[in-house]
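Residue strings, one per chain:
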Amino acid sequence: MRVARTTIQAVVIGLGCWLGLAGAWAEAAEVVVYSARSSQYGPEAAFDAFTKKTGIQVKTFGGNSSELFERLKAEGDKTPADVLVTVDAGNLWNAARAGLLSRVDSPEIQANIPANLRDPDNRWVGLTVRARTIMYNTKKVKPEELSTYEALGDPKWKGRLCLRTSSYIYNQSFIATMIKRNGEPKTEAVVKAWAANEPILINGDTKILEAIAAGQCDVGLTNTYYLARILAKDPSFPVAPFSAKQQTTGTQVNVSGAGVTAHAKNRANAIKLIEFLSSPEAQQMFADGNFEYPANPQASANPILVTWGKFKQDDINIAAAGELQAAATRLADRAGYK
Ligand SMILES: [Fe+2]
């Protein structure tokens, strides 16, 4: 009898411990983030502020976009990741399409971030805005000579244009959103005209800016934060941005953003983190970390970006970057843009 009672006590104590542990596990004050943002220019400051505010620890694992995509896919429901942070709407769209992200219906996120910067099905949200626009050598080109992306196909830029290859996702997304905006025939004509100008193909936005500064080419197409990074160290760098298409549909933008994974163990914390990252307070930190524009219009941009002035952004839904990625690749091939 005594033995039986001891056994029952042990079972009860054991069960109690197990329930306690399970409870603690379910409420683990952490959130695990797979982040394709480099820590040098990434959202770490905003993560720290989140931990300070909520007590929830943010554990990050880095890697490039495709590495993290493959890792999430391979881990399936065993993944420790609660949140995926990555660059380019094309990558976010691909992750959602592969079933790696889950729908989050948060009124807070929807109020903070404009609809064109979010997945129409709420599986990801843009958190920083990157403008991809014309860059020019300030000693060789007058801004009056510039106007639109299309006009870079004018023969006057023959041999004077630097571009990245068409296979790079920034340009795939760029062409994809152009297709969404203008249709395939018009976009193809534009890309053909660029190719006819025999652009110098350079592997890296920063390298393009350096080539423009060095006079290897006079104009190019890059994201603006690469220029801001350089100007923060060297204000006399002879390259300036020109906001394309201000008379019509506006300068093309893309995002870096985040989504809650399909198998998040800390889903509530994951949603809390993304809600925080979309708030004006965190937006300032997140965008400033890499000289990007905040996605939340209530947050203000870094002073270097402010000196460039306000500009009209194309407000097409950036999901187009993913939807039309394959079409963009085929179009670039047809147009002879390598
Ligand atoms: Fe980049």
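Keep in mind that what you see is a predicted model, and the values were worked out from it rather than measured.

### Here's the deal with the overall build of the protein
Looking only at helices and strands, the protein has 14 helices and 11 strands in total. The principal-axis extents of the C-alpha atoms in the protein amount to approximately 100 × 40 × 30 Å. By sequence separation, contacts in the protein at least 24 residues apart represent 79% of the contacts at least 6 residues apart. For the protein, the distance from the average position of its 38 positive side-chain charges to the average position of its 33 negative side-chain charges is 1 Å.

### With respect to the state of the cysteines
Across all of its chains, the model carries one disulfide by this definition. The disulfide bridge from Cys-162 ends at Cys-217, spanning 2.0 Å between sulfur atoms. On the sign convention where negative is left-handed, the bridge of Cys-162 and Cys-217, at about -100° about the S-S bond, is left-handed. With Cys-162 in strand β6 (residues 161-163) and Cys-217 in the loop between α8 (205-213) and β8 (219-223), the pair connects residues that are 55 residues apart, well separated along the chain. Take Cys-217: its relative accessible area is 1%, and that puts it in the buried class.

### A few points about the nonpolar core
In summary, soluble globular proteins display a tendency toward joint burial of nonpolar side chains. Grouped together as the largest cluster of nonpolar side chains are 73 residues, with contacts concentrated most on Val-31, Val-83, Trp-124, Leu-209 and Leu-273. Among the nonpolar cores identified, the runner-up in size contains 29 residues, and Ile-134, Ile-175, Phe-242 and Ala-328 belong to it.

### Section: the pattern of salt bridges
In this structure the tally under the stated criterion is 21 salt bridges. Here Lys-78 and Asp-77 are joined by a salt bridge, their closest N and O atoms 3.4 Å apart. Lys-78 sits in the exposed class, given a relative accessible area of 67%. Given a relative accessible area of 46%, Asp-77 falls into the partly exposed group. Among the salt bridges present, the one from Arg-181 reaches Asp-315, with a minimum N-O distance of 3.3 Å. Taken together, the residues span a long stretch of sequence, with Arg-181 in helix α6 (residues 169-182) and Asp-315 in the loop between α12 (303-307) and α13 (320-323) at a distance of 134 residues.

### Focus on the coordination of the iron ion
Coordination of the iron ion by the protein involves Tyr-170 (OH), Tyr-225 (OH) and Tyr-226 (OH), with metal-donor separations of 1.9 to 2.1 Å. Each donor residue of the iron ion lies on the same chain, and together they follow the pattern Y-x54-Y-Y. A residue pair is termed long-range when its members are at least 10 positions apart, and Tyr-170 in helix α6 and Tyr-225 in helix α9 (residues 224-233) qualify at 55 residues. Across the pair, exposure class does not vary: Tyr-170 and Tyr-225 are buried alike.

### As for the confidence of the model for the protein
Summing up the model confidence of the protein, the mean pLDDT is 93 and the portion of residues at 70 or higher is 92%. Here residues 1-25 is a poorly scored stretch, pLDDT under 50, and it has zero contacts once near neighbours within four places are set aside; other chains count.

### As for helix α4 (residues 89-97)
Burial of α4 is extensive: seven of the nine residues sit out of reach of the surface. Inspection of α4 places Ala-89, Gly-90, Asn-91, Leu-92, Trp-93, Ala-95 and Ala-96 among the buried residues, and these make up the whole buried set. Capping of α4 at its N-terminal end is provided by Asp-88; its side-chain oxygen lies 2.7 Å from the backbone amide nitrogen of Gly-90. One or two steps after α4, the chain reaches Gly-99, where phi turns positive at roughly 80°.

What counts and how
- Chains are numbered independently. Their residues run from 1 in the order of the written sequence.
- Confidence filtering applies because this is a predicted model: local features only for residues at pLDDT of at least 70, side-chain atom pairs given and counted only at 80 or more, and all residues used for totals across whole chains, interfaces and linings.
- For side-chain calculations, the full set of non-hydrogen atoms in the structure is used, while hydrogens and water are omitted.
- We count a stretch as a helix when DSSP gives it H or I for four or more residues in a row; a strand needs E for two or more, and each element gets its number in order from the N terminus.
- Contact between two residues is taken to exist if any of their heavy atoms lie within 4.5 Å; hydrogens are not considered.
- His is not counted, nor are the chain ends; Lys and Arg add positive charge and Asp and Glu add negative charge.
- A single reference atom marks each charge: NZ on Lys, CZ on Arg, CG on Asp, CD on Glu.
- Any two cysteine sulfur atoms lying within 2.5 Å of each other are counted as a disulfide.
- Throughout, exposure labels follow a simple rule: accessible area from a 1.4 Å probe, protein chains only, divided by the maximum for the residue type, with under 20% read as buried, over 50% as exposed, and the rest as partly exposed.
- Nonpolar cores were defined as sets of buried Ala, Val, Leu, Ile, Met, Phe, Trp, Tyr and Cys residues, with membership established by side-chain atoms within 4.5 Å.
- Counted as salt bridges are all cases of a side-chain nitrogen of Lys or Arg within 4 Å of a carboxyl oxygen of Asp or Glu.
- Sodium, potassium and calcium take a 3.2 Å donor cutoff, other metals 2.8 Å, and in both cases only N, O and S atoms count; water is not among them, so sites may look incomplete.
- As a per-residue quantity, pLDDT reports the predictor's confidence and falls between 0 and 100.
- By the criterion applied in these results, polar contacts are pairs of N or O atoms within 3.5 Å in which, for protein atoms, one can donate a hydrogen and the other can accept it, and in which residues neighboring in sequence qualify only through two side-chain atoms.

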